[in-house]
4 protein chains.
Amino acid sequence: MSTTFHGIIGYTITPFSHDGEQLDLPALGKSIDRLIAGGVHAIAPLGSTGEGAYLSDLEWQQVAEFSLAHIAKRVPTIVSVSDLTTAGAIRRAHFAQAHGADAVMVLPAAYWKLSEAEIIQHYRAIGASIDVPIMLYNNPATSGTDMSVELILKIVREVDNVTMVKESTGDIQRMHKLQMLGEGQVPFYNGCNPLALEAFVAGASGWCTAAANLIPDLNQQLYQAVLRNDLKTAKAVFYRQLPLLDFILKGGLPATIKAGLAMTGLEVGEPRRPVFALDQSGQDYLKALLQTLR
Amino acid sequence: MSTTFHGIIGYTITPFSHDGEQLDLPALGKSIDRLIAGGVHAIAPLGSTGEGAYLSDLEWQQVAEFSLAHIAKRVPTIVSVSDLTTAGAIRRAHFAQAHGADAVMVLPAAYWKLSEAEIIQHYRAIGASIDVPIMLYNNPATSGTDMSVELILKIVREVDNVTMVKESTGDIQRMHKLQMLGEGQVPFYNGCNPLALEAFVAGASGWCTAAANLIPDLNQQLYQAVLRNDLKTAKAVFYRQLPLLDFILKGGLPATIKAGLAMTGLEVGEPRRPVFALDQSGQDYLKALLQTLR
Amino acid sequence: MSTTFHGIIGYTITPFSHDGEQLDLPALGKSIDRLIAGGVHAIAPLGSTGEGAYLSDLEWQQVAEFSLAHIAKRVPTIVSVSDLTTAGAIRRAHFAQAHGADAVMVLPAAYWKLSEAEIIQHYRAIGASIDVPIMLYNNPATSGTDMSVELILKIVREVDNVTMVKESTGDIQRMHKLQMLGEGQVPFYNGCNPLALEAFVAGASGWCTAAANLIPDLNQQLYQAVLRNDLKTAKAVFYRQLPLLDFILKGGLPATIKAGLAMTGLEVGEPRRPVFALDQSGQDYLKALLQTLR
Amino acid sequence: MSTTFHGIIGYTITPFSHDGEQLDLPALGKSIDRLIAGGVHAIAPLGSTGEGAYLSDLEWQQVAEFSLAHIAKRVPTIVSVSDLTTAGAIRRAHFAQAHGADAVMVLPAAYWKLSEAEIIQHYRAIGASIDVPIMLYNNPATSGTDMSVELILKIVREVDNVTMVKESTGDIQRMHKLQMLGEGQVPFYNGCNPLALEAFVAGASGWCTAAANLIPDLNQQLYQAVLRNDLKTAKAVFYRQLPLLDFILKGGLPATIKAGLAMTGLEVGEPRRPVFALDQSGQDYLKALLQTLR
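Note that the structure is a prediction, hence the values are computed from the model and not measured.

A.B. asks: I'm lost on the pairing of strand β1 (residues 7-11) of chain A in this one. Help?
C.D. replies: Moving residue by residue along a regular strand, the side chains alternate between the two faces of the sheet. Residue and element names in this part refer to chain A. Extensive coverage of β1 is indicated by the burial of five of its five residues. Where β1 meets strand β8 (residues 206-209), four bridges bridge the pair, whose relative direction is parallel. Opposite I9, over in β8, you have C208 as the bridge partner. Bridge count for β1 against strand β2 (residues 42-44) is three bridges, and the pairing is parallel. Among the inter-strand pairings, I9 is bridged to a residue of β2, identified as A42. Tracing the backbone out of β1, into helix α1 (residues 25-37) and back to the parallel element β2 gives a crossover that is right-handed.

Given below as structure tokens:
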């Protein structure tokens, strides 16, 4: 099963009305258009940045359906379909495929810690229920489940349509191992913004990032410099954007990206409680940062 | 606000049909009757053991309503109302209170890591929406959020109806600190089964445990020995039941308790996927263990 | 091989001259006399509190020889002989035995992380070189090596004169495991001061503590209450001394115990650099604490 | 104070006689000649690889004096002078300077955890006692002390001759922070072999490595490719040598490097006990690896 995902893969936020209760789909449409105008090579709705975990099932479906329709194949779309239950993840994967997703992303979210056998079965069941490729996503900080590289490759071998791996532990040695043990045949993607340069250097096929909502040009320049084998430029543009990459990670992606979009003219509401909007000092810092990066 | 929670607080499982799809409320009723027959001082539905996190909103309501009606005030009931969103937790707290809960339990479940201010606001909002007492629940292994003793006591002081604390980190020094900094005025409860003896020794008011589904007599004997100031007996009955307490913790509470109930004649189905039922070797071990504890 | 170690095992400090350069053996003699007057059941020179790791080989020998001569069998003595090399630990163990030590204590200090086989061989080589019993000491915070209960019991089984275990991880469940897997036949000792009560409750034979330099009566009262099966009193005297136990752990044993001895009339100098003496605010706090505990 | 350290900085092992008791200085001389023949830009005796922590004071002095005399300024030399006491580290720093060291390296080794003030004072006292530059070395895995980037830069600012930083945590983000907060003015060096590529990419001035004893050409090729701005070649030669870099880290540097030297005709004895020599299966693996890298 081939896949064309590479380069800058932009995450969407999920806009809410001012009180946080209603979805604001028109604003979502505008944010998608911005990402595409910024040159992203693919779009990933309903991920961590998209507060997928904080939506009701109905809201999740509305966002998925709207996003796919609005992107309309202008770029490939990979929809996050993670759910605490296997049955729920299957339902979402089905829905995403039915509405045109080019791939789905699956994080093995856990309440009770999962054994390796439980994780494998989770991916196997989801894989068997759809035809599109699956990007396996490892992010113990949000999922509570840390998959070793050995386990990840076992799943890739055993489940046909798990064809891509997104790694967000922040440990670059995991990517070395994916490259070596996967013998260069398993495309992996970086989900840890401050590792953007090193991940490309280590062989990542792409960078899954919400930063593309705010600084798409700098994201592109980094990727293009790596493609051109120009390490000095890659290093320079990486360090230029690193303060922003650090800030959005530490400040929380929904809060900081939503604040940054508002600063640049697109009102998308606040994150859902208990997550707070970016506070005033954070906003001041972000505004100054964005100005230096223009 | 006074509360009468003390002693052995038994967790209910949530029985499913064989395929895991349907709730089996009659079986739930029988398991509740068993807990009460076993002498528990209170019952806690929809906690970790009760797979509350794996239920749809509708299922959650059905289990809450049925449990409260079936317990029918024979013992006090404390319903876990945790939800990833503050709005969702408030809806559940309301529902529980409306259907007769004597208290609610709140774990600050998180996808995005929560700041202290966000956690406080979460408890404040829930507290303001109900009249019954709240048991604050700290369990970083399942929630992803670790609340320091200082933060816990700040919440207890600032939110009127947060009157009880359940501690499940497994670090007995947290209980020392609750006792000392709380000046003996903040009742705390142990949620880590293998610390049952030490927690009572350190001053815990109660022990929240799913073990009461399987070995209620031994649980009672431990509590009674502590009340009688009989350390030697407390130690002896603790070490007698410790292998089971260790086993249900390591094997996962829903899987092990459901298996144990089936062995003793009450069929309650399996945990919901991706969580597996207890495997054969685990069942053999548990069966042998239960026989030695008769 | 039988051993009589039980109860309160007091650690000595190592007094230095004002500039930290010279040993002050007369002051060491006075501190030993105080410990014995305070009722300790055994004395342990050259441990963590005794800054054994910060002494030259010659100084180490002088302290060992003087301590053993001065204690003069009034109570049993257990000398810490840990060294980074196996050869060095053997030399020290020999020296201690030759000068009358009743037992030696061995922490597997490490620069390079040690494998289980390396640790076992370390204990085996030391054990083969002496006749007195060895207390195996597990304290990953200072040694950099964490020995599992399974490994500890393997060493106890394989090395004849490793007959006692001192556990300082601060995890009470390690003691449960020592009790259960050791089938009550392997005497274990608590080295984590804030766990004093729980360790005795879990079955510890003794408490290795530097607190006996400052509050020997309270230490004794706790032990005696446990022996009398009087949990309520044990709990009360434990909580009474817990603020001091917490303080000496957090403030560092050499700094806090040396400061406390000076406050009570015995000048013993400061810890060796880079370790600082207790600062003024720490001294004020400690002085107030000691006054409330008189 | 300027310094010329850059590129590949090779660590020496410390050869012992077959029984591990005696130093084998002639073999040390040969290993130094090999490093220089292999093109290292500097040599670092008595580091972790050199088992500095396992030597007596006299042995340490013999190795330091011999190494400096034998290197004889063919390349700059940086001698590790770490000691648990400040006084001991000062003595060693003095000795190294007196015998011609171009710089000294200081790891804040700790038995009792050190506060930031204690660490700063340790560096300040050593710095005041010598004139040559100090390379501050952060390696919590061996020292038990983790210095934050903020603390490191504070020391660099406050102690004149702390002019270089060696970072071995394995977290590439520490190097980003050194680069950004140090405003590109604080040269930093990588001590974590598997991060060799990423560290250079992030701006490291040099790579402190024992691998130069075995694969000096590959180490050089990596460095030269980075200097030439040729990312593709750098990546290729990095992945080529990564299995060896991983192996020597996991197998322990003294054991693996000594085994590798013996395989290539230079007998240097075994590590000192309790550290084991490389076992047979490790030797087989290493031999095969070295053959593929010829």
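A.B. asks: Where do I start with the environment of E65 of chain B in this structure?
C.D. replies: All names here are of chain B. By the secondary structure assignment, E65 is in helix α2 (residues 57-71). Residue E65 is classed as partly exposed on the basis of its relative accessible area of 41%. If sequence neighbours within four positions are ignored, E65 has contacts with F95 and H99.

A.B. asks: Whenever I open this one, the relation of the copies chain A and chain D confuses me. Can you help?
C.D. replies: Between the two chain copies there is a screw-like relation: a rotation about an axis and a shift along it. The transformation that overlays chain A on chain D combines an axial shift of 0.0 Å with a rotation of 180°, and the residual RMSD is 0.0 Å. Read as a symmetry element, the transformation amounts to a two-fold axis. When the interface residues of chain A are mapped onto chain D, 100% of them again fall at the interface, so both copies present the same face.

A.B. asks: Just to check I follow, could you spell out the sheet that holds strand β4 (residues 103-106) of chain B for this structure?
C.D. replies: Whenever strands of a sheet pair, they do so through backbone hydrogen bonds, lying parallel or antiparallel. Residues and elements named next belong to chain B. Judged by pairing direction, the sheet is parallel, and its eight strands sit side by side in the order β2-β1-β8-β7-β6-β5-β4-β3 without closing on themselves. Strands at the two margins of the open sheet, each flanked by one partner only, are β2 (42-44) and β3 (78-80). Sheet twist, expressed as the average angle between the axes of neighbouring strands with direction ignored, equals 30°. Relative to strand β6 (residues 162-167), strand β5 (residues 134-138) runs parallel, the two being bridged by five bridges. The residue bridging Y137 from the neighbouring strand is K166, located in β6.

A.B. asks: Teacher, can you tell me more about the interface of chain A and chain D here?
C.D. replies: The figure often quoted for interface size is the accessible area lost as the parts come together. Taken together, the contact pairs 26 residues of chain A with 27 residues of chain D. Linking chain A with chain D are zero salt bridges, by the criterion used here. Where chain A packs against chain D, one counts 10 residue pairs in polar contact (both at pLDDT 80 or more). Secondary structure elements with two or more residues in the side of chain A that touches chain D: α7 (172-181), α8 (196-202), α9 (216-227) and α10 (231-251) of chain A. Considering each element in turn, the side of chain A that touches chain D owes the most residues, eight residues, to α10 of chain A.

A.B. asks: When you look at the interface of chain C and chain B in this model, what are you seeing that I'm missing?
C.D. replies: The interface is formed by 26 residues belonging to chain C together with 27 residues belonging to chain B. Within the residue set of the side of chain C that touches chain B, elements represented by two or more residues are α7 (172-181), α8 (196-202), α9 (216-227) and α10 (231-251) of chain C. It is α10 of chain C that contributes the most residues to the side of chain C that touches chain B, eight residues altogether. The residue makeup of the side of chain C that touches chain B, split by class, is 16 nonpolar, five polar and five charged.

A.B. asks: Whenever I open this one, the relation of the copies chain C and chain B confuses me. Can you help?
C.D. replies: In the superposition of chain C on chain B (RMSD 0.0 Å, axial shift 0.0 Å), the rotation amounts to 180°. When the interface residues of chain C are mapped onto chain B, 100% of them again lie at the interface, so the same face is used by both copies.

A.B. asks: Help me understand the packing of aromatic side chains in this model?
C.D. replies: One pair of aromatic rings is described through two measures. These are the centre distance and the angle between the planes. Counting across every chain of the model gives 24 aromatic pairs over all chains. One aromatic cluster is present, formed by Y54 of chain A together with Y111 and W112 of chain B through successive ring pairs. If you follow K166 of chain B out to its NZ or CZ, it ends over the ring of Y137 of chain B, 3.7 Å from the centre.

A.B. asks: Just checking my understanding: could you explain the sheet that holds strand β3 (residues 78-80) of chain C for this structure?
C.D. replies: Residue and element names in this part refer to chain C. Within the open sheet, the eight strands sit side by side as β2-β1-β8-β7-β6-β5-β4-β3. Their pairing is parallel. At either end of the open sheet lies a strand with only one pairing partner, and these are β2 (42-44) and β3. Each strand of the sheet is rotated relative to its neighbour by a mean of 30°, with strand direction disregarded.

A.B. asks: Honestly, the arrangement of the chains in this entry has me stumped. Any pointers?
C.D. replies: When C-alpha atoms are compared, chain A and chain C, though not in contact, are closest at a spacing of 20 Å. A gap remains between chain B and chain D, which never touch, and the nearest two C-alpha atoms on either side lie 20 Å apart.

A.B. asks: Explain the side chain of S48 of chain D here, please?
C.D. replies: Secondary-structure assignment places S48 of chain D in the loop between β2 (42-44) and α2 (57-71). A relative accessible area of 9% places S48 of chain D in the buried class. Beyond its immediate sequence surroundings of up to four residues, S48 of chain D is in contact with Y111 and W112 of chain C together with Y137 and P254 of chain D.

Thresholds, definitions, all that
- Residue numbers restart at each chain and count upward from 1, following the sequence in its written direction.
- To label them, take the chains in the order written and letter them from A, then take the ligands in the order written and number them from 1.
- Two thresholds apply to this predicted model, a pLDDT of at least 70 for residue-level local features and 80 or more for giving and counting side-chain atom pairs, whereas whole-chain, interface and lining totals are computed over all residues.
- To get the side-chain values, all heavy atoms of the structure are used, and hydrogens and water are removed first.
- Only protein chains enter the accessibility calculation, which uses a 1.4 Å probe; a residue whose area is less than 20% of its type maximum is buried, one above 50% is exposed, and one in between is partly exposed.
- The secondary structure listing takes helices from DSSP runs of H or I that are at least 4 residues long and strands from runs of E that are at least 2 residues long, numbered from the N terminus.
- Following DSSP output, two strands are said to pair if at least two bridges run between them.
- With its strands directed away from the observer, a crossover is right-handed exactly when the path from the first strand over the helix to the second travels clockwise.
- The contact definition used throughout considers only heavy atoms, calling two residues in contact when any of these lie within 4.5 Å.
- Least-squares superposition aligns the copies on the C-alpha atoms of those residues with pLDDT at or above 70 in both.
- Note on definitions: angles span 0 to 180 degrees between N-to-C directions of axes, and those axes are lines fitted to C-alpha atoms, for helices only across the stretch in contact.
- By convention in these notes, a salt bridge is any Lys or Arg side-chain nitrogen within 4 Å of a carboxyl oxygen on Asp or Glu.
- As used in this structure description, the phrase polar contact means that two N or O atoms lie within 3.5 Å; if the pair is within protein, one of them must be able to donate a hydrogen and the other to accept it, and residues adjacent in sequence are counted only when both atoms belong to side chains.
- Throughout this entry, Asp, Glu, Lys and Arg are counted as charged residues, while Ala, Val, Leu, Ile, Met, Phe, Trp, Tyr, Cys and Pro are counted as nonpolar. The remaining residues, Gly among them, count as polar.
- Note on ring pairs: Phe, Tyr and Trp rings are taken, using the six-membered ring of Trp, and paired if centres are within 6.5 Å. Classes follow the plane angle, with under 30 degrees stacked, over 60 edge-to-face and the rest tilted.
- Two thresholds decide whether a charge sits over a ring: the Lys NZ or Arg CZ must be within 6 Å of the ring centre and within 35 degrees of the ring normal.

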